[in-house]
Amino acid sequence: MIMDGNSRWAKARGIAKEFQLRAAAEACYSNAREIVRLSSDWGIKALTLFAFSTENFLRPREEVDQWMQQFERVLSLDDPATMLLDGIQFHCIGDTARLPRTLQVKISEAQCITSGNTGMKFVMAIGYGGHSDLVQACQALAREVQQGNLAVQDIDQINLSRRLMLGERCEDVGAPELLVRTSGEQRLSNFMLWHLAYSELVFEKQLWPDFGEEEYKNALVAFQGRKRTLGVRHS
Ligand code: IPE
Ligand code: MG
């Protein structure tokens, strides 16, 4: 899911300018918690939330800081509204080296503590870009070829996809079946370009903080109405 429209939501609510950033970040994650809970309750096998893109680092410093603080709050296990309850297995994808050190620690802790959980796989894409994901996978393959551990002709879709940031962590659930983007924008914005090759795309008009249970159900119903042939013709 691409959680778009948080700043517009805060602005539209008439919140004073100096409080808008914080209100947007808080509204984003209060809704994200609800969507994670619903997904887990409904038996969704894996959910990835696009939290912050590589391009988002170019936003004003104070906005970047606001989002980083929000991520730390969300990943704090002493937060009573934590998203890491209910047997959820947490993963993070993205260039974590660019994140504040304290957040990097929280991410490792959350991944470690939830690694034995068998519930829904919940992935947060923080500092993530589909292009950089593919570039680092190519570098990993090139290194293996250079070291003599892999032949060029053995590079295939399976070993490339295993070197993407998600790696083998969600291999059992396969590629995402559905992508939802809120706020009416209709683009991928560099999100999981490899994985979304055959995903169904649903674009919702609501801003992310307003994307609730009813809207989520509508997206799933839209998905269920799609004919998925994966390019093959069925007689
Ligand atoms: C998405 O909400 C969250 C992040 C990019 C971190 P926006 O901040 O893009 O909200 P709008 O699209 O400007 O309203
Ligand atoms: Mg936006």
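Looking at an unreviewed UniProt entry, one finds the protein chain named Alkyl transferase and attributed to Selaginella moellendorffii. The UniProt entry for the protein chain carries the following text under Cofactor (unreviewed entry): "Mg(2+)".

Draft legend 1. Representation of unusual backbone geometry. In this structure, Ser183 is a non-glycine residue whose phi angle is positive, near 80°. In this fold, Ser183 is placed in the loop between β4 (178-181) and β5 (200-203). You will see that Met192, though not glycine, has its phi angle at about 35°, which is positive. Here Met192 is to be found in the loop between β4 and β5. On the basis of relative accessible area, Met192 is assigned to the buried category, the value being 2%.

Draft legend 2. Layout of the environment of Ser39. You can see Ser39 is positioned in helix α2 (residues 17-41). For the pair Ser39 and Leu85, spaced 46 residues apart in sequence, the C-alpha to C-alpha distance is 13 Å. In this view, Ser39 contacts Ile44, Leu47, Met120 and Tyr216; residues no more than four positions away in its chain are not counted.

Draft legend 3. Looking closely at the state of the cysteines. Overall, the coordinates contain zero disulfides when judged by the stated rule. Free cysteine Cys92: the closest other cysteine sulfur is in Cys170, separated by 12 Å. Classification of Cys92 as buried rests on a relative accessible area of 7%.

Draft legend 4. Main features of the nonpolar core. Among the nonpolar cores identified, the biggest contains 39 residues, and Tyr29, Phe71, Phe122 and Met124 are the most heavily contacted of them. The set of elements that each furnish at least two residues to this core consists of α2, β1 (46-53), α3 (61-74), β2 (89-93), α4 (101-113), β3 (121-128) and α7 (213-224). The leading source of residues in this core is α2, at seven residues. The contact partners of Met124, leaving out residues within four places of it in the chain, are Tyr29, Leu49, Ala51, Phe71, Val74, Leu75, Met83, Phe90, His91, Cys92 and Ile93. By size, the runner-up hydrophobic cluster in this structure holds 13 residues, among which are Ile2, Tyr128, Met165 and Phe191.

Draft legend 5. Local environment of the packing of aromatic side chains. In the structure shown here, the tally under the stated rule is eleven aromatic pairs. Note on Tyr29 and Phe71: the rings are 5.8 Å apart at their centroids and 85° apart in plane angle, and the pair reads as edge-to-face. Here Tyr29 is found in helix α2, whereas its partner Phe71 is found in helix α3, with 42 residues between them in sequence. Cluster of aromatic residues (ring-pair linked, three or more members): Tyr29, Phe52, Phe57, Trp67 and Phe71.

Draft legend 6. A look at the side chain of Lys121. Examined against the element boundaries, Lys121 turns out to sit in strand β3. The residues contacting Lys121, other than those within four sequence positions of it, are Lys45, Ala46, Leu47, Gln89, His91, Arg169, Cys170 and Asp172.

The rules behind these values
- Residues numbered from 1 in each chain as written.
- Chains lettered and ligands numbered in written order.
- Predicted model: local features only at pLDDT ≥ 70, side-chain atom pairs only at ≥ 80, totals over all residues.
- Heavy atoms only, no water.
- UniProt positions renumbered as here; feature names shortened; annotations may be inferred.
- Helix = DSSP H or I, 4+ residues; strand = E, 2+ residues; numbered from the N terminus.
- Buried < 20%, exposed > 50% of the residue type's maximum accessible area, 1.4 Å probe, protein only.
- Contact = heavy atoms within 4.5 Å.
- Disulfide = S-S within 2.5 Å.
- Core = buried A, V, L, I, M, F, W, Y, C linked by side-chain atoms within 4.5 Å.
- Phe/Tyr/Trp six-rings, centres within 6.5 Å; stacked < 30°, edge-to-face > 60°.

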